[in-house]
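# Structural description and commentary
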Amino acid sequence: MIEILSASALATVQDLGRVGALQWGVGTSGAMDPLALAAGNLLLGNDANAAAIEVPVFPFQVRFGADLAIALTGADCAARLDDVPLLPWWVVEARVGQVLSLGVPRAAGHWRASRAYLCVAGGVDVPAVLGSRSTQLRGAFGGHEGRALRQGDVLCAAAPGIGRCGSGFGLLPPALAMPLQLDGVPAMRVLPAAEYGHYTEASRAAFWAGEWKITAQSDRYGYRLAGAALEAANPVEMRSHGIVPGVIQVPPGGQPIVQMRDAQPSGGYPKLGTVIEADLWRLGQAPIGSRVRFIEATWDEALDAREQMHAWLADARRLVELHRRQRARSAP
Amino acid sequence: MNALPSAAAQPSISLLGTSALLFEAPGHDMALGTQQRIWALAREAGRWPEVREAVPGMNNLMLSFAQPPRVLEDIETRLRAAWAAAQPLPLEGRVVELPVVYGGDAGPHLADVVAHTGLSVDEIVERHSTPLYPVYALGSHPGYCYLGGMDPRLATPRRKVPVLSIPGGAVSIGGAQTGVSASTGPSGWNTIGSTSMHFFDPAQDPPALLQPGDTLRFRVEKVIR
């Protein structure tokens, strides 16, 4: 059992997202940093898609009502279990009554992440709705009662107890293993989309050359960016069509909005490009107020990046299993 | 060949990152016949191994990838061929009537539609509540229906900056389209009225009240000027 001690924390239960429900107007939801969620699950021997708690606001505290193996991934937020500091991207055993505290995320070089993932043995035990345990905030279903967590909420892990998966080991975060920056600013690769050519040459150049500030009107639905005004050579009124997380829409105001995990599955604003699947976790971790850059990618580069991401996860899974087997062999 | 005048216009295919691609039928009229061909194309493409979901939009179709193909030409060729062969698929569902209160607090952008179209409030209500609206597609948010059939005189551009929250039941116009919000959330459309109807229940199978091929009619319950 995990009791939420923090008030109005905006934390939600997420897995890797809901697929197959677009036909009913249901978007994907899921972790803003799917790599961190999957890695935390692999550390615990869970299915990569098991549900965890995504924490975007700090400080955040929970109390454990039973012994439980946990893994903390995502932002390095100076976590403590009672008074003991914890390493980021690490498996630990929490004992009944202990309090886990997550502080404000700290930077590692140029990288500062904004969301932490509290993964638990077996995954957070909430019912799957339309094939996923992710919280669908707009539809008010999935996750824990279809809403963000509140003080006093109690969640259960699907595999409570300790000793099952081992502890005291971790992973090198992907932000360090696969860094991507441009002039010291976190960067994301982008594939141009249908209306890219509708923008003036100056606007297209400014999109790639400029820094984009993530404004305070940014959340799990979308990141509203501030930077150079983007102008369409010929304004177009579009027919509504399917979109995916990562799509960069430009409303007539000229300031782009990147669709994030809780984005609508369809839209009608012109699309300049799409942040590639393999880099969406980088943007999902970018804090409000920070700046990002965009790098133009080709289809092949985007697919290579996707394969690199999957290879990193496969490698992490292999290392964790190797470590666990060696442990079992050396155990008395 | 008995080429129709529109046969020269080619559909367009574009990328949505590595997650999906977007097929758009030529033209901008959002004709029902075109949409019926989109439904047929969705049924066909939904069976292809690299496609996870084939999701109709307004005279367009998004294919989300189960696995993005290394070479795109093959699926693009197949899509164009399937489109050329697609016959209209006439889906005929049920007719649902929605009572609407136009204007007032629940229709904050009615004045913007008046200003843009030059029509009076009464003319807008009359033209909006007359047609039968076929459900073309679901999207936007759980249970939301995109409708065809709006009087083109009512077309009003989407808002320059999206509204952060409009309530469920809001009846709105965006470009040449109209629709009803199924739950509270952000929208770039112009809200002209409201209705009360539950469009979505995740415990039901299917979870959405309406599906492509069903038809909506707006009945004037009240006009607040």
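In this text, all values refer to a predicted model and were calculated from it rather than measured experimentally.

## Topic: the overall build of chain A
Within chain A, the secondary structure is distributed over five helices and 21 strands. The C-alpha atoms of chain A give 20 Å as radius of gyration, which agrees with the globular expectation for 332 residues (20 Å, within 12%). Expressed as a percentage of its 332 residues, the buried residues of chain A come to 58%. Taking as baseline every contact in chain A between residues at least 6 positions apart, the subset at least 24 positions apart corresponds to 76%.

## Observations regarding the interface of chain A and chain B
In this assembly, 48 residues from chain A lie in contact with 59 residues from chain B. Summed over both sides, the interface between chain A and chain B buries roughly 4,300 Å², with carbon and sulfur atoms accounting for 57% of that surface. In terms of surface lost to chain B, no three residues of chain A exceed Arg138, Arg239 and Trp299 of chain A, which account for 22% of the buried area on that side. Where chain A packs against chain B, one counts three salt bridges. Of the charged contacts, one joins Arg70 of chain B and Glu307 of chain A as a salt bridge, the two residues approaching to 3.1 Å between their closest N and O atoms. Among the secondary structure elements, those contributing two or more residues to the side of chain A that touches chain B are strand S13 (185-192), strand S16 (241-242), strand S19 (266-267), strand S20 (271-275) and helix H5 (299-330) of chain A. Take the side of chain A that touches chain B: its biggest share by element is seven residues, from H5 of chain A. Here the side of chain A that touches chain B is built from residues that sort into 24 nonpolar, 14 polar and 10 charged.

## A few points about the pairing of strand S4 (residues 60-64) of chain A
All names here are of chain A. Side chains of S4 alternate between two faces, with Phe60, Val62 and Phe64 buried and Gln61 and Arg63 left unburied. In the sheet, strand S1 (residues 2-4) pairs with S4 via three bridges, with the strands oriented antiparallel. Bridged to Glu3 within S4 is Arg63.

## Some details on the pattern of salt bridges
Here the structure, examined in full by the defined rule, presents 25 salt bridges over all chains. The partner of Glu277 of chain A in a salt bridge is Arg306 of chain A, and the shortest N-O contact between them spans 3.1 Å. Within this pair, whereas Glu277 of chain A is found in the loop between S20 and helix H4 (280-285), its partner Arg306 of chain A is found in helix H5, the two being separated by 29 residues in sequence. Take Glu277 of chain A: its relative accessible area is 26%, and that puts it in the partly exposed class. A relative accessible area of 11% places Arg306 of chain A in the buried class. Between Asp300 of chain A and Arg70 of chain B there is a salt bridge whose closest N-O contact spans 3.2 Å. One end of the pair, Asp300 of chain A, is in helix H5; the other, Arg70 of chain B, is in the loop between strand S4 (60-65) and helix H2 (73-85), on a second chain.

## Description of the pairing of strand S3 (residues 51-56) of chain B
Residues and elements named next belong to chain B. With five of six residues buried, S3 lies mostly within the body of the structure. Here five bridges tie S3 to S4, and the two strands are oriented antiparallel to one another. Opposite Val51, over in S4, you have Phe65 as the bridge partner. Between S3 and S4, which pair antiparallel and follow one another directly, the connecting turn spans three residues, one of which, Asn59, has a positive phi of 60°.

Criteria and cut-off values
- Residues numbered from 1 in each chain as written.
- Chains lettered and ligands numbered in written order.
- Predicted model: local features only at pLDDT ≥ 70, side-chain atom pairs only at ≥ 80, totals over all residues.
- Heavy atoms only, no water.
- Helix = DSSP H or I, 4+ residues; strand = E, 2+ residues; numbered from the N terminus.
- Rg over C-alpha atoms; globule rule 2.2 N^0.38 Å.
- Buried < 20%, exposed > 50% of the residue type's maximum accessible area, 1.4 Å probe, protein only.
- Contact = heavy atoms within 4.5 Å.
- Buried area = accessible area lost by both parts, 1.4 Å probe.
- Salt bridge = Lys/Arg side-chain N within 4 Å of Asp/Glu carboxyl O.
- Nonpolar A, V, L, I, M, F, W, Y, C, P; charged D, E, K, R; others polar.
- Pairing = 2+ DSSP bridges.

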